[in-house]
Amino acid sequence: MKILSVENLSRAFGGIKANDDISFNVDQGSILGIIGPNGAGKSTLFDLITGYTKADSGKVEFFEKNIFGLSPDKISNLGVGRTFQKLKPFADQTLLENVMIGAFVKEQNIKKARDKALEIIDFVDLIEKRHHFAKELSTGQRKRLEMARAMAIEPKLLLMDEVTGGVDQKTIPGLVELIKKLKKTGVTIITIEHNINIIMEISDNVLALDQGKSIAFGSPKEIQKNKEVIDSYLGTFDAA
Amino acid sequence: MDKLIAAKSEPLWNTNNKVISIIGGLVVLLFALPLVGLNSFYLHLFIMIFMHAVMAQSWNVIAGFSGQISLGHGAFFGIGAYATSFFYMEYGITPWISIFFGMFISGVFAVLIGIPMLRLSGHYFAIATLLIGISFQVVFQRWDLVGAASGLWVTMTPEDSWTALQFHKSKLPYYYIFLVFFLISFFAVWVLSRSKLGYRLRAVRDDPQAALSLCINVSNYKIIAYVISAMIMAPMGSLFAQYILIIDPDRVFNIEISIIVLLITVLGGIGNVWGPIIGASILIPISEYSRIYLGGTGGAVDLILYGLILMIICVFRPNGLISFIPKDILERKKQR
């Protein structure tokens, strides 16, 4: 079943087309990986889908409901969660409080919200850090915090922007496992990644962008063999 | 799993019995203090501390919890003052009722001001509120219905009257009235800070973009904070009007009111319910004593002292004097 449908989405900043006529579908329960060089329009695409940036034209349907033009809070209220490339934790609040703010979307009672937040924090393996202020956490832990906070709103679709970006090599496998664990909960995931090996490992489908345009969409194997993708992004990547 | 179970069994709040005992003791002390004989000056001093602590608490809600720096909050103080005086003099309505009129009118104005203004952020919002605050003063200076620049002289009752909220023989009733309002407002903001609304307001303050991703309508929450803040400020204007029985635009819409609540909160600790209380307990005595020893409005020495204290605080203790209190007795205890 199709959970998200993007049709002919475009957005230009002045003369620069950040997203140019992009179309793709995402199946429920799958992981879609988005790849592309810097400036390809990946994060802009996230902002367009989640309402942070208004598209010039196109259509975005979530469960066949048109969400084009809705504000970010309304889109998240429908069940679209997201994390940010430039991390945005509530720095002066504890990890638990960060996640509780998300949990309040579905739970009105403070104790229930607290317990739900604790379960999610345990899910992301940070239970011992629950009383630490967000600003005290490492980058990897803050990535987990953002995932936990987004999970707390019980999203049906979760958009994750460079989960493994900016963290050390030792931290990456844990984050990748966490994404796989998230998928098992039934949530549909769209993830932006620069690490091509990770994207090939976790994704059911891959969307490749270059200079704001969609240059390929398909299974990881198909993408690896796609000449345009190799030319613009993978270079002489052996696996291709 | 064991760790999760242990975490769930923790109390919601880290209630420190020692702190609770100290607070309880202080409340009892505040109620008992006049009985051991406070002269008129000290009663006045405490009344001013209570009043300014509530006013600063009001400002703390909009600035400390939702992150919007308002420089025109004196407007709501003035609205509260005029509401009680006007309705009492024109229609004989007891101030006990018109306090609520003042709160309501302030709330309505907060919505009307907030809808366009809260679209602005940072310095732009601060400048806009500064101008709004001044414009209230200008309008009331020219509004004949409320006495224009001369203001309103509240008709004095021949005897002390609880109904008219006027006490001529002693400041003692005012002391207790202001104390009760102080405790109510403190408790209300304490509850707010631990409510779902409080959590969401802090999210708006810390990162509006991230708050949006958690289904929080940032504009609406800013307006809610502004309304709550205005409705806490207004009763202080009402009580102040009954305390001095003469109000005019220069007195109750003065820009100084908006600035002093900011100073008190920043000194004590912004975003913390204790901050305004600590700040008022230090700044108001400085103001009153400089007035006594230097005459008039304190020869502006109080303002110089404010400036000095604030500079020292901003450099060495940017989180205010509250940061001197050890973290382990604050509410959110870390368990490493």
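Only a predicted model underlies this, so the values are computations on that prediction, with no experimental measurement involved. (Residues numbered from 1 in each chain as written. Chains lettered and ligands numbered in written order. Predicted model: local features only at pLDDT ≥ 70, side-chain atom pairs only at ≥ 80, totals over all residues.)

*Asks:* Could you clarify how one ought to interpret the overall build of chain B in this entry?
*Replies:* Scanning chain B from terminus to terminus reveals 14 helices and two strands. Taken over the C-alpha trace, chain B has a radius of gyration of 21 Å; the compact-globule value for 336 residues is 20 Å, and the two agree within 12%. Split into buried and exposed, the 336 residues of chain B put 45% on the buried side. (Helix = DSSP H or I, 4+ residues; strand = E, 2+ residues; numbered from the N terminus. Rg over C-alpha atoms; globule rule 2.2 N^0.38 Å. Buried ≥ 20, exposed ≤ 12 C-beta atoms within 10 Å, placed from the backbone.)

*Asks:* How should the overall build of chain A be read in this particular structure?
*Replies:* Regarding its fold elements, chain A presents nine helices and 10 strands. Its C-alpha atoms give chain A a radius of gyration of 18 Å, near enough to 18 Å, the size a compact globule of 240 residues would have. Its C-alpha atoms put chain A at 50 × 40 × 35 Å along the principal axes. Within chain A, buried positions represent 48% of all 240 residues.

*Asks:* What am I meant to see in the sheet that holds strand 4 (residues 57-62) of chain A here?
*Replies:* Backbone-to-backbone hydrogen bonds pair the strands of a sheet. The strands run either parallel or antiparallel. Residue and element names in this part refer to chain A. With antiparallel pairing, the four strands of this open sheet are ordered in space as 2-1-4-5. Looking along the sheet, the strands with just one partner apiece sit at the ends: strand 2 (16-27) and strand 5 (65-66). Of the pairings in the sheet, the one linking strand 1 (residues 2-13) to strand 4 comprises five bridges and is antiparallel in character. Bridge pairing in strand 4 places Val 6 opposite Val 60. (Pairing = 2+ DSSP bridges.)

*Asks:* Help me understand the sheet that holds strand 10 (residues 213-218) of chain A, please; the structure alone is not making it clear to me.
*Replies:* Residues and elements named next belong to chain A. Sheet architecture is open: six strands sit in the order 6-7-8-3-9-10, paired in mixed fashion. Either end of the sheet is taken by a strand with one partner, and the two such strands are strand 6 (80-82) and strand 10. Strand-to-strand twist of the sheet, defined as the mean angle between neighbouring strand axes without regard to direction, takes the value 15 degrees. By the bridge criterion, five bridges tie strand 9 (residues 205-210) to strand 10 in an arrangement that is antiparallel. Bridge pairing in strand 10 links Ala 208 to Ala 216. (Axes fitted to C-alpha atoms, helices over the stretch in contact; angles between N-to-C directions.)

*Asks:* What's the story with the packing of helix 3 (residues 40-65) of chain B against helix 7 (residues 172-193) of chain B in this structure? I'm lost.
*Replies:* For any two helices packed against each other, one specifies the crossing angle of their axes together with the interaxial distance. All names here are of chain B. It is the contact of helix 3 with helix 7, at a shortest axis distance of 9 Å, that shows an interaxial angle of 25 degrees. What the angle tells us is that helix 3 and helix 7 run roughly parallel. Handedness of the crossing formed by helix 3 with helix 7: left-handed. Residues Leu 43, Phe 46, Ile 47, Phe 50, Met 51, Ala 53, Val 54, Gln 57 and Val 61 of helix 3 touch helix 7, and the partners they reach there are Leu 172, Tyr 174, Tyr 175, Phe 178, Leu 179, Phe 181, Phe 182, Ser 185, Phe 186 and Val 189. (Parallel < 35°, antiparallel > 145°, perpendicular 65-115°, else oblique. Left-handed = near helix turned anticlockwise from the far one by under 90°. Contact = placed C-beta atoms within 7 Å.)

*Asks:* Hey, could you run me through the interface of chain B and chain A in this one?
*Replies:* Reports often express the size of an interface as the amount of accessible area lost when the parts come together. Each partner contributes residues to the interface: chain B has 24 residues there, and chain A has 34 residues. Where the side of chain B that touches chain A is concerned, the elements lending two or more residues are helix 1 (2-8), helix 8 (196-206) and helix 9 (208-212) of chain B. Ranked by residue count, the leading element in the side of chain B that touches chain A is helix 8 of chain B, at six residues. Of the residues that constitute the side of chain B that touches chain A, the class distribution is 10 nonpolar, four polar and 10 charged. (Nonpolar A, V, L, I, M, F, W, Y, C, P; charged D, E, K, R; others polar.)

*Asks:* What is the right way to read the nonpolar core from this model?
*Replies:* The tendency in soluble globular proteins is for nonpolar side chains to be buried side by side. Within the largest apolar cluster, 162 residues are counted, with the highest numbers of intra-cluster contacts made by A:Val99, A:Ala117, A:Ile121 and A:Ala208. Looking at which element gives the most residues to this core, the answer is helix 10 (residues 218-244) of chain B, with 17 residues. The contact partners of A:Ala117, leaving out residues within four places of it in the chain, are A:Leu96, A:Val99, A:Met100, A:Ala103 and A:Ala152. (Core = buried A, V, L, I, M, F, W, Y, C linked by C-beta atoms within 7 Å.)

*Asks:* It is not clear to me how the environment of A:Asp73 should be interpreted in this structure. Could you clarify?
*Replies:* Residue placement: A:Asp73 occurs in helix 2 (residues 72-78). C-alpha of A:Asp73 to C-alpha of A:Gly51: the two residues are 22 residues apart in sequence and 8.3 Å apart in space. With near-sequence residues (within four places) excluded, A:Asp73 lies in contact with B:Leu212, B:Cys215, B:Ile216 and B:Asn217.

*Asks:* Help me understand helix 8 of chain B in this model?
*Replies:* The α-helix advances 3.6 residues per turn, and as a result positions three or four apart in sequence lie on the same side. Where burial is concerned, most of helix 8 of chain B is hidden: eight out of the 11 residues are buried. Of the positions making up helix 8 of chain B, those classed as buried are B:Tyr199, B:Arg200, B:Leu201, B:Arg202, B:Ala203, B:Val204, B:Arg205 and B:Asp206. Buried residues along helix 8 of chain B sit against helix 3 (95-103) of chain A together with helix 3, helix 9 and helix 10 of chain B.

*Asks:* Would you explain the pairing of strand 2 of chain A in this entry?
*Replies:* In regular strands, side chains alternate between the two faces of the sheet. Where strand 1 of chain A lies against strand 2 of chain A, eight bridges are found, and the strand directions are antiparallel. Along strand 2 of chain A, the bridge assignment pairs A:Leu4 with A:Val26.

*Asks:* It is not clear to me how the packing of helix 5 (residues 95-117) of chain B against helix 10 of chain B should be interpreted in this structure. Could you clarify?
*Replies:* Residues and elements named next belong to chain B. Contact pair helix 5 / helix 10: the axes reach a minimum separation of 7 Å and the direction vectors enclose 145 degrees. Relative to helix 10, helix 5 is oriented so that their crossing is right-handed. Touching Pro 95, Ser 98, Ile 99, Gly 102, Met 103, Ser 106, Gly 107, Phe 109, Ala 110, Val 111, Gly 114 and Ile 115 of helix 5 are Lys 222, Ile 223, Tyr 226, Val 227, Ala 230, Met 231, Met 233, Ala 234, Pro 235, Gly 237, Ser 238 and Gln 242, all from helix 10.

*Asks:* Whenever I open this one, the environment of B:Leu26 confuses me. Can you help?
*Replies:* All names here are of chain B. Within the secondary structure, Leu 26 sits in helix 2 (residues 17-32). Here Leu 26 falls in the exposed class, since 11 other C-beta atoms lie within 10 Å of it. Distance in space between the C-alpha atoms of Leu 26 and Leu 267 is 21 Å, their sequence separation being 241 residues.

*Asks:* How do you make sense of unusual backbone geometry when you look at a structure like this?
*Replies:* Residues and elements named next belong to chain A. In this structure, Asp 21 takes a positive phi of about 60 degrees despite not being glycine. Mapped onto the fold, Asp 21 is located in strand 2. Classification of Asp 21 as partly exposed rests on a count of 14 C-beta atoms within 10 Å.

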